[in-house]
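Chain and residue survey
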Amino acid sequence: MEGAGSMSLIIALDFPNRTEVERFLSHFAGEKLYVKVGMELFYSEGPGIVSYLKEQGHQVFVDLKLHDIPNTVKSAMRSLARLGADMVNVHAAGGTKMMRAAWEGLAEGTPAGQERPLCIAVTQLTSTSETVMQQELWIDKPLQETVLHYAQLAKESGLDGVVCSALEAEAVRNACGNGFHTVTPGIRQAADSTDDQIRVVTPEDARKLGSSYIVVGRSITGAEHPLQAYKTIQEQWEGITL
Ligand SMILES: O=C(O)c1cc(=O)[nH]c(=O)n1[C@@H]1O[C@H](COP(=O)(O)O)[C@@H](O)[C@H]1O
């Protein structure tokens, strides 16, 4: 299943403020990156952090995992589209009406001449296990089946792909086709601590399993030499020596 579609490594900028982001990015002078702004950074810095990163020439995934009534999600997506994000996300558990509304909001809000951000649905968080899903959330199905079901709902709703573990990437592609993206966090090298992640996969295995994007946070942001950690993981992910 190797090599389908586009492949990118997205660095999760899980930092409390812009000063920390600038300090981190100073290790990457001249590199054009694909970065992710999550709730911590967005809520502390506001939309300006996205414009700042875009001005620096980076691609930006705005990861706010929207999950609300369709009208609210549509309006929020209209606002996010104006920011120039390259990718945004919602929770598939919001259902098809909500996902369609998200897509419509993005289409309406994207300025003329700009590309609509990719709209991706979170299936089951990579920090969730099948046991927690079944016993705590009362979703009485095998985890992979729920991921596939949510992926199919996302596809029917016109979305561009899903967030899932790379463990499910191959099955999602088989069910939804090569053009349907799998954005896969929970990436760890074999020796890394898994932290709060449960469904973890190495960069090499994510490639072999056909992920379109890997999302990597602490293995790079917490490294003593972030650029070196980034290059090592990128080599493993792309299967090449840079
Ligand atoms: O939507 C996400 O990006 C996401 C979904 C998911 O299921 N699991 C997950 O870890 N993430 C995000 O991916 C990043 C993973 O960070 P690390 O565990 O530090 O590599 C974090 O910013 C999470 O918010």
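Residues numbered from 1 in each chain as written. Predicted model: local features only at pLDDT ≥ 70, side-chain atom pairs only at ≥ 80, totals over all residues. Heavy atoms only, no water.

We now examine the confidence of the model for the chain. In low-pLDDT segments, the atomic positions of the prediction should not be examined closely. Of all residues in the chain, 97% attain a pLDDT of 70 or more, and the chain-wide mean is 95. Here residues 1-5 scores under 50 on pLDDT; set against residues more than four positions off or in separate chains, the count is eleven contacts. (pLDDT = per-residue confidence, 0-100. Contact = heavy atoms within 4.5 Å.)

Side chains of strand β8 (residues 213-216) alternate between two faces, with Tyr213 and Val215 and Ile214 and Val216 buried alike. Two strands pair when backbone bridges link them, and strand β1 (residues 8-12) and β8 are joined in this way by four bridges, in the parallel orientation. Of the residues in β8, the one forming a bridge with leucine 9 is isoleucine 214. As for the winding sense of the linkage, the β-α-β connection from strand β7 (residues 181-184) through helix α9 (residues 203-208) to β8 is right-handed. (Buried < 20%, exposed > 50% of the residue type's maximum accessible area, 1.4 Å probe, protein only. Helix = DSSP H or I, 4+ residues; strand = E, 2+ residues; numbered from the N terminus. Pairing = 2+ DSSP bridges. Right-handed = clockwise from strand over helix to strand, strands pointing away.)

Counted by the stated rule, this structure contains 14 salt bridges. Between glutamate 31 and lysine 231 there is a salt bridge, with the nearest N and O atoms lying 3.1 Å from each other. Of the two residues, glutamate 31 sits in the loop between α1 (18-25) and β2 (34-37) while lysine 231 sits in helix α11 (residues 226-238), which places them 200 residues apart along the sequence. Accessibility expressed as a relative area gives 22% for glutamate 31, which makes it partly exposed. The shortest N-O distance in the salt bridge between arginine 199 and glutamate 168 comes to 2.8 Å. With arginine 199 in the loop between β7 and α9 and glutamate 168 in the loop between β6 (161-163) and α8 (169-176), this residue pair connects regions lying 31 residues apart in the sequence. Among the residues examined, glutamate 168 registers a relative accessible area of 3% and is labelled buried. Through salt bridges with shared partners, one network takes in Lys74, Arg78, Glu104 and Glu108. (Salt bridge = Lys/Arg side-chain N within 4 Å of Asp/Glu carboxyl O.)

What follows deals with the packing of helix α4 (residues 70-82) against helix α5 (residues 96-109). Running from N to C, α4 and α5 cross one another at 30 degrees; their axes reach a closest spacing of 7 Å. Judged by the angle between their axes, α4 and α5 are roughly parallel. The crossing of α4 and α5 is right-handed. Contacts between α4 and α5 pair Pro70, Val73, Lys74, Met77, Arg78, Ala81 and Arg82 from the former with Lys97, Met98, Ala101, Ala102, Glu104, Gly105, Leu106, Glu108 and Gly109 from the latter. (Axes fitted to C-alpha atoms, helices over the stretch in contact; angles between N-to-C directions. Parallel < 35°, antiparallel > 145°, perpendicular 65-115°, else oblique. Left-handed = near helix turned anticlockwise from the far one by under 90°.)

If you check the backbone angles, tryptophan 138 has positive phi at about 60 degrees while not being a glycine. Position of tryptophan 138 relative to the elements: it lies in the loop between α6 (130-135) and α7 (143-156). Phi at aspartate 195 takes a positive value of approximately 55 degrees, unusual for a residue other than glycine. Taking the relative accessible area as the measure of exposure, aspartate 195 reaches 41% and is therefore partly exposed.

Moving on, we get to the side chain of serine 211. For serine 211, the location among the structural elements is in the loop between α9 and β8. If we ignore the near neighbours within four places in the chain, the residues touching serine 211 are Ala166, Ala169, Arg173, Thr182, Thr184, Ala206 and Trp237.

Under the 1.5 Å per step criterion, the end-to-end length of α5 is 20 Å for 14 residues, consistent within 8% with the ideal 20 Å. Burial in α5 covers these residues: Met98, Met99, Ala101, Ala102, Gly105, Leu106 and Gly109. For α5, the angular spread of the buried residues around the axis is 160 degrees, confining them to a single face. Buried residues belonging to α5 abut β3 (59-66), α4, β4 (87-91), β5 (118-122) and α7. (Expected span 1.5 Å × (residues − 1). Arc of directions from axis to C-beta.)

Their axes nearest at 10 Å, the elements α7 and α8 cross at an angle of 40 degrees. For the element pair α7 / α8, the angle class is oblique. Between α7 and α8 lies a crossing whose hand is right-handed. Within the contact between the two elements, α7 uses Gln144, Val147, Leu148, Ala151, Gln152 and Lys155 and α8 uses Ala171, Val172, Ala175 and Cys176.

This brings us to the packing of aromatic side chains. Under the counting rule described, the total for this entry stands at four aromatic pairs. Relative to phenylalanine 28, the ring of phenylalanine 24 lies with its centre 5.1 Å away and its plane at 50 degrees, an arrangement referred to as tilted. For the pair phenylalanine 24 and phenylalanine 28, one class covers both residues: buried. Judged by centre distance (5.5 Å) and plane angle (80 degrees), the rings of phenylalanine 28 and tyrosine 230 are edge-to-face. Here the residue phenylalanine 28 occupies a position in the loop between α1 and β2, and tyrosine 230 occupies one in helix α11, the gap between them amounting to 202 residues. Exposure class is identical for phenylalanine 28 and tyrosine 230. Each is buried. Here a set of aromatic residues connected by ring pairs shows up, and it is made of Phe15, Phe24, Phe28 and Tyr230. Its end group placed over the ring of tyrosine 52, arginine 18 keeps NZ or CZ at 3.9 Å from the ring centre. (Phe/Tyr/Trp six-rings, centres within 6.5 Å; stacked < 30°, edge-to-face > 60°. Lys NZ or Arg CZ within 6 Å of the ring centre and 35° of its normal.)

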